[in-house]
Amino acid sequence: MTDVISPPIAGGGIATPLTSTATEAGGAGEHGPTGLLKWLTTTDHKVIGISYMVTAVVLFYIAGLLALGIRVQLTTPAGTFVTFQQYNELFTMHGSIMMYLFAGPFAFGGLANYVVPLQIGAPDMAFPRLNALSYWLFAGGSITMLLGFFVSGGAANFGWVAYAPLSTSTFTPGAGGDLWIMALVLTGFSAIFTGVNLVATIFYLRAPGMTMFRMPIFTWNMLVTGILILIAFPVLTAALVMLFADRHFGTHIYQVLGCHTVTGAPAPNACGSPVLWQNLFWFFGHPEVYILALPYFGMATTIFPTFSKRPVFGYKGMVFATMAIAALSTGVWAHHMFTTGVVLLPFFSLLSLLIAVPTGIKFFNWIGTMWRGQLVFKTPMLFAIGFLFAFLMGGVTGVMLASPPIDFFTHDTYFVVAHFHQVLFGTAVFAGFGGLYFWYPKMFGRMLNDKLGKWHFWLTFVGFWVTYLPQYVLGLRGMPRRVAHYPADLGWQSWNIASTIGAFLIAAGFFVLLVNLWISWRDPVLAGNNPWDAQTLEWFTTSPPPHHNYTHLPPIRSERPTWDYDHPDALTLRHGHSQVPPPPGNGSGPSGDGADRGPGGGTGGGTGGRAFVR
């Protein structure tokens, strides 16, 4: 592949097109193998991104079925739907799949893989083959974890946090725990390679004119997420290697039992420390919360201005708030360990409270973006607003748990379960599926049904609150988490029944999504290049994009070049003179047929760019 650099045109106007004989000939379908072989051998970031998302969504549905099993078991005080052993497997694998195999890979492996190169005008990720390897490591790790259900002794059953010594072979022998460890090692390397790729791509493959402070907020968030991945995931990988050594090689890194001298006398100095696992795990785990949250913040920050017809309010404030969240997130891990008695409570409590400040700035800017905007309540916008309410509740209860006295009272109760789900469900599900509805037309060139999308949203939104608000009450009334049976005379059953009803409402919502996807493929409604009248660069190319993404680029003089190009009158009002000529013909507007946007609807015009010739 040869990169040919076209010089930028001074003074504005339409620049040299990105000529490419391959892309001019017909786009993505003209390159390499087709069919199944294309999906197995591709290094195209778009195909890899879709592979990530499809795999992650399938795993999301599997984890959802496991969650329904948990809720059915807890509907009665002495439920018999599953055994205690099976219940431990259910909540361990539900949490593990949601945390490690869905929320992160869907965001930084899936949507980021697809969208980031398009948003910065790049032809692909910086390391395409490494990108393909990352996906196959993720797919292999996912299969490895699920294989635990098919081995003797069952899947891992020590909880998704794998606290030592419970996760050592003394207490949880069997292959299920080993498969869980190896799965996380594989997916951990996948995440590290993806982080390297994202950072390199964003720093080195931006189009001419795409300065750092013209990048979309989503791309900024993915850059910060990539850096956090490189800080956090190696720590988890090292901790897992040591856990595996404890299980199989007779080391005593976390293991307390069985560490004796040659004469058989106890040797305390040779014993491991279970709290070491907690320190290592949560040093990964708290940045991981923001590794999961920041991409979804970026999705919401893309959706709000699009459906408000306004630029992002406080763009630079959003960028610096993201940086502050990332920096603080590496120093608050021990607020998960208040009850261990081995951490400095005032320090970690203060830092945990402080992280609410940049998060509050983001809320202020999201509301400011919508304030007096021309709001359009399409499905992506509804999911983004649902994210605001859900994450706000999770954030407020997080501030409460940052206070040691409250944490002592609620630790290991359903209050923490409710808080944790409100934070991660609020981001990964509301913002995540809002992003899916938003970018689906760009990926496939067809629309999802908006009426069915709204049914999906309202069932999910109502089910979300019906599921988790009762769990706050259960926690405050003392119900511990991770129990399959509970006393019948404490008034917990009615709240558990309500929570189970909510879970099935959520399930109904995601059944509607399956119906919507099926209808989209059976009876497609063509989307056009920019059905939302969106603002960022990815909406300038065709839907779906050609193999190397662009045949032409617009002038990039702000963080929303597509909006500037499609709305030259608005740019004239803002700057007092037109910097971008009006688009010729009738195909470059928000719902145009793409007649002037290059082959297949690609846009004509750019500030100079790269011609990518294979």
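Residues numbered from 1 in each chain as written. Predicted model: local features only at pLDDT ≥ 70, side-chain atom pairs only at ≥ 80, totals over all residues. Heavy atoms only, no water.

### Description of the packing of helix α8 (residues 274–308) against helix α12 (residues 379–401)
Two numbers describe a pair of packed helices, the interaxial angle and the distance between the axes. What counts is decided by this rule: Here an axis means a line fitted to C-alpha atoms, over the contact stretch when the element is a helix, while the angle between two N-to-C directions is reported on a 0 to 180 degree scale. What counts as a helix is a DSSP run of H or I of at least four residues, what counts as a strand is a run of E of at least two, and both are numbered from the N terminus. Under this scheme an angle from 65 to 115 degrees is roughly perpendicular, one under 35 degrees roughly parallel, and one over 145 degrees roughly antiparallel; angles in between are oblique. Rotating anticlockwise by less than a right angle from the far helix to the near helix defines a left-handed crossing, while the corresponding clockwise rotation defines a right-handed one. The criterion used for residue contact is that any of the two residues' heavy atoms lie within 4.5 Å.
Viewed as axis vectors pointing N to C, α8 and α12 meet at an angle of 130°, and their least axial separation amounts to 9 Å. Between α8 and α12, the crossing angle belongs to the class labelled oblique. Judged by the twist between their axes, the crossing of α8 over α12 is left-handed. On α12, the residues touching F297, A300, I303, F304, F307 and S308 of α8 are P380, M381, A384, I385, F387, L388 and F391.

### Notes on the pattern of salt bridges
This is how it is decided: Salt bridges are counted wherever a side-chain nitrogen of Lys or Arg sits within 4 Å of a carboxyl oxygen of Asp or Glu. Burial classes: relative accessible area under 20% of the type maximum marks a residue as buried, over 50% as exposed, and values in between as partly exposed (1.4 Å probe, protein chains only).
As enumerated under the stated definition, the model contains six salt bridges in all. A salt bridge links D44 to K46, with the nearest nitrogen and oxygen atoms 3.0 Å apart. Side by side, D44 and K46 carry an identical accessibility label, which is buried. Notably, a salt bridge pairs D450 with K454, separated by 3.2 Å at the nearest N-O pair. Residue D450 and its partner K454 are located together in helix α15 (residues 450–476), separated by four residues, close to a single helical turn. For D450, a relative accessible area of 22% translates into the label partly exposed. The structure contains a network of salt bridges with shared partners spanning D412, R481 and R482.

### Observations regarding helix α14 (residues 414–444)
Here is the rule: To get the bend at a residue, fit one axis to the 7 residues ending there and another to the 7 starting there, then take the angle between the axes.
The sharpest bend along α14 comes to roughly 40°, located at F438, with the proline P441 sitting one to four residues further on. Extensive coverage of α14 is indicated by the burial of 28 of its 31 residues. Positive backbone phi, at 70°, marks G445, one or two positions downstream of α14.

### A word on a nonpolar patch on the surface
For clarity, the cut-off: Within this analysis, patches are made of residues with over 30% relative accessible area and no salt bridge. Like charges are joined at 9 Å or less; nonpolar side chains (Val, Leu, Ile, Met, Phe, Trp, Tyr) at 5 Å or less. Shrake-Rupley sampling with a 1.4 Å probe provides the accessible areas, and residues are treated as covered by the protein chains on show and by no other component.
A cluster of nonpolar residues, L36, W39, L40 and W136, forms a patch on the protein surface that exposes about 420 Å² of accessible area. Ranked by residue count, the leading element in the nonpolar patch is helix α2 (residues 35–41), at three residues. On the secondary structure map, W39 appears in helix α2. Taking relative accessible area as the criterion, W39 reaches 35% and is therefore assigned partly exposed.

### So, the packing of aromatic side chains
A ring pair, where both rings are aromatic, is described by two values, the distance of the centres and the angle of the planes. The condition that has to hold: The pairing test for Phe, Tyr and Trp rings, Trp by its six-membered ring, is centres within 6.5 Å, and the orientation test on the planes gives stacked under 30 degrees, edge-to-face over 60, and tilted for anything in between. Charge-over-ring contacts are defined here by two conditions on Lys NZ or Arg CZ: a distance within 6 Å of the ring centre and an angle within 35 degrees of the ring normal.
Using the criterion set out here, one finds 67 aromatic pairs in the structure. Judged by centre distance (6.2 Å) and plane angle (85°), the ring pair of Y61 and F510 falls under edge-to-face. Residue Y61 is located in helix α3 (residues 45–74), and its partner F510 is located in helix α16 (residues 493–522); the two are separated by 449 residues in the primary sequence. Given the relative accessible area of 21%, Y61 is considered partly exposed. Ring centres 6.2 Å apart and planes at 75° place the aromatic pair Y100 and W180 in the edge-to-face group. Within this pair, whereas Y100 is found in helix α4 (residues 84–120), its partner W180 is found in helix α6 (residues 175–204), the two being separated by 80 residues in sequence. W180 sits in the buried class, given a relative accessible area of 1%. Put simply, the rings of Y100, F158, W160, W180, F233, Y254, W277, F281, W282, F284 and F420 pair up and form one aromatic cluster. Here the guanidinium or amino end of K316 rests over the ring plane of F213, the centre of that ring lying 5.2 Å away. Lying across the ring of W521, R446 places its NZ or CZ 3.9 Å from the centre.

### Examining the environment of D564
This is how it is decided: We define a polar contact as two N or O atoms separated by no more than 3.5 Å, with the added condition that, inside protein, one atom must be a possible hydrogen donor and the other a possible acceptor, whereas residues neighbouring each other in sequence contribute only through side-chain atom pairs.
Topologically, D564 is positioned in helix α17 (residues 561–566). Put simply, D564 and Q535 are 29 residues apart on the chain and 7.7 Å apart in space, counted from C-alpha to C-alpha. A polar atom in the side chain of D564 sits 2.5 Å from the side chain of S558.

### Notes on the packing of α12 against α15
For clarity, the cut-off: Each residue is assigned to one class: nonpolar for Ala, Val, Leu, Ile, Met, Phe, Trp, Tyr, Cys and Pro, charged for Asp, Glu, Lys and Arg, and polar for all the others, Gly among them.
Packing of α12 against α15 brings their axes to within 9 Å, and their N-to-C directions diverge by 10°. The pairing of α12 with α15 is recorded here as roughly parallel in orientation. Of the residues in α15, those in contact with T379, L382, F383, G386, F389, A390, M393 and T397 of α12 are D450, G453, K454, H456, F457, W458, F461, F464, W465, L469 and Y472. Among the residues forming the contact of α12 with α15, the class breakdown is twelve nonpolar, five polar and two charged.

### Quick look at the confidence of the model for the chain
Put simply, the test is: A residue's pLDDT is simply how confident the predictor is in it, with values from 0 to 100.
Averaged over all residues, the pLDDT of the chain equals 86, while 85% of them reach at least 70. A low-confidence stretch, residues 1–29 stays under pLDDT 50, and its non-local contacts, those more than four residues away or across chains, total 76 contacts. Here residues 575–614 is modelled with pLDDT under 50, and outside its nearest four sequence neighbours on either side it reaches 140 contacts, counting other chains as well.

### Comments concerning the side chain of N197
By the element assignment, N197 lies in helix α6. A relative accessible area of 0% places N197 in the buried class. In terms of polar contacts, N197 uses its side chain to reach the backbone amide nitrogen of A126, at 3.4 Å. With sequence-adjacent residues up to four places away left out, N197 is seen in contact with M125, A126, F127, L130 and N131.

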